[in-house]
Amino acid sequence: MGFREINSKMIEATVVPGRRLFSQRGAMLAYKGEVSFTPNMQGGQGGIMSMIGRRVANEATPLMSVEGNGTVLFGHGGHHVQVIDLTGDTLYVEADRLLAFEGTLEQGTMFMGSQGGVMGMVRGQVTGQGLFTTTLKGHGAVAVMAHGGVFEVPITPGRAVHVDPQAYVAHHGDVRNKLSAALGWRDMVGRGSGEAFQLELSGSGTVYVQASEEKL
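Attention in this report is confined to the structure presented alongside it. (Residues numbered from 1 in each chain as written. Predicted model: local features only at pLDDT ≥ 70, side-chain atom pairs only at ≥ 80, totals over all residues. Heavy atoms only, no water.)

## Details of the overall build of the protein chain
Okay, step 1: Across its full length, the protein chain holds two helices and 13 strands.
Okay, step 2: A burial count over the protein chain gives 49% of its 216 residues as buried.
Okay, step 3: When contacts within the protein chain are restricted to residue pairs at least 6 apart in sequence, long-range pairs at least 24 apart make up 81% of them.
Okay, step 4: In the form shown here, the protein chain has an accessible surface area of approximately 10,100 Å², with 51% of it arising from carbon and sulfur atoms. (Helix = DSSP H or I, 4+ residues; strand = E, 2+ residues; numbered from the N terminus. Buried < 20%, exposed > 50% of the residue type's maximum accessible area, 1.4 Å probe, protein only. Contact = heavy atoms within 4.5 Å. Areas by Shrake-Rupley, 256 points an atom, 1.4 Å probe, with all protein chains shown as cover.)

Pasting the structure below:
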């Protein structure tokens, strides 16, 4: 199926019988044909554990399951939309930045501290971002949202990429992540985001960075 970019803030998805899409609630702008939209707490092929992970991450709003035969226009809040095609690898993306994805992808949840150690836990406490990142694995298309556009930054061996956590959208590839403090603890008092913390990504892959630090 895949997604077709209509403009920077809208995509068109083709829905065919026997194959589902999942979208963020409120993302449907218009549709043609016989298409149904149903709240779905499970999402993708991640099963019950994926659902629990999202609940722990305070994602109480269910995804919408999209089925039928027709086309749907998706967009949300006037945000920039970026389409990412997966060919067997895993995409790590902030849950609130997911606009829509194909049901062929397996969904899961990763605790950011699992790779970042203790500093990974600080991310949710200080920057206001979640401790959990949604994972989508397999073959299919994903549409993510961002403020002000998205820039793809390649991650190559031996050259780590440092990203402001608030500007981080998603990444994929053979990548390790580590959150570290760019300032001393005393300097960080009263600082809730920005350069006080840096997300270090190393290995081989791509990180998607938005043009604004504003949260969705």
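## Quick look at the side chain of His80
Okay, step 1: With respect to the helices and strands, His80 occurs in strand β6 (residues 80–93).
Okay, step 2: A distance of 3.5 Å separates the side chain of His80 from the backbone oxygen of Ser8, its partner in a polar contact.
Okay, step 3: Those residues within four positions of His80 in sequence are excluded, and the remaining contacts are Ser8, Lys9, Val144, Met145, Ala146, Gly149 and Val150. (Polar contact = N/O pair within 3.5 Å; in protein donor to acceptor, adjacent residues only side chain to side chain.)

## Here's the deal with the environment of Val66
Okay, step 1: Residue position: Val66 is located in strand β5 (residues 63–74).
Okay, step 2: For the pair formed by Val66 and Met28, sequence separation is 38 residues and the distance between their alpha carbons is 9.7 Å.
Okay, step 3: Discounting chain neighbours no more than four positions away, the residues touching Val66 are Val15, Arg19, Arg20, Leu21, Ser23, Val35, Ser36, Phe37, Val72 and Phe74.

## A closer look at the pairing of β5
Remark: a regular strand shows side chains that alternate across the two faces of the sheet.
Okay, step 1: Pairing between strand β2 (residues 10–15) and β5: five bridges, direction antiparallel. By the bridge assignment, Thr14 is partnered in β5 with Thr71.
Okay, step 2: Two strands pair when backbone bridges link them, and strand β3 (residues 21–23) and β5 are joined in this way by three bridges, in the antiparallel orientation. Bridge pairing in β5 links Phe22 to Ser65.
Okay, step 3: Summarising the sheet, strand β4 (residues 28–40) and β5 pair through twelve bridges and their orientation is antiparallel. Residue Met28 lies in a different strand from β5, and its bridge partner there is Phe74. (Pairing = 2+ DSSP bridges.)

## Examining the pattern of salt bridges
Okay, step 1: This structure, assessed with the given rule, holds two salt bridges.
Okay, step 2: The salt bridge involving Arg4 is made with Glu12; its shortest N-O contact spans 3.1 Å.
Okay, step 3: Assessed through its relative accessible area of 47%, Arg4 is described here as partly exposed.
Okay, step 4: With a shortest N-O distance of 4.0 Å, Glu200 and Lys178 are connected by a salt bridge. A residue pair is termed long-range when its members are at least 10 positions apart, and Glu200 in strand β13 (residues 197–210) and Lys178 in strand β12 (residues 168–181) qualify at 22 residues.
Okay, step 5: The exposure class assigned to Lys178 is partly exposed, which follows from its relative accessible area of 41%. (Salt bridge = Lys/Arg side-chain N within 4 Å of Asp/Glu carboxyl O.)

## Side note on the environment of Asn69
Okay, step 1: Checked against the element boundaries, Asn69 lands in strand β5.
Okay, step 2: The spatial distance from the C-alpha of Asn69 to the C-alpha of Arg19 is 9.5 Å, given a sequence separation of 50 residues.

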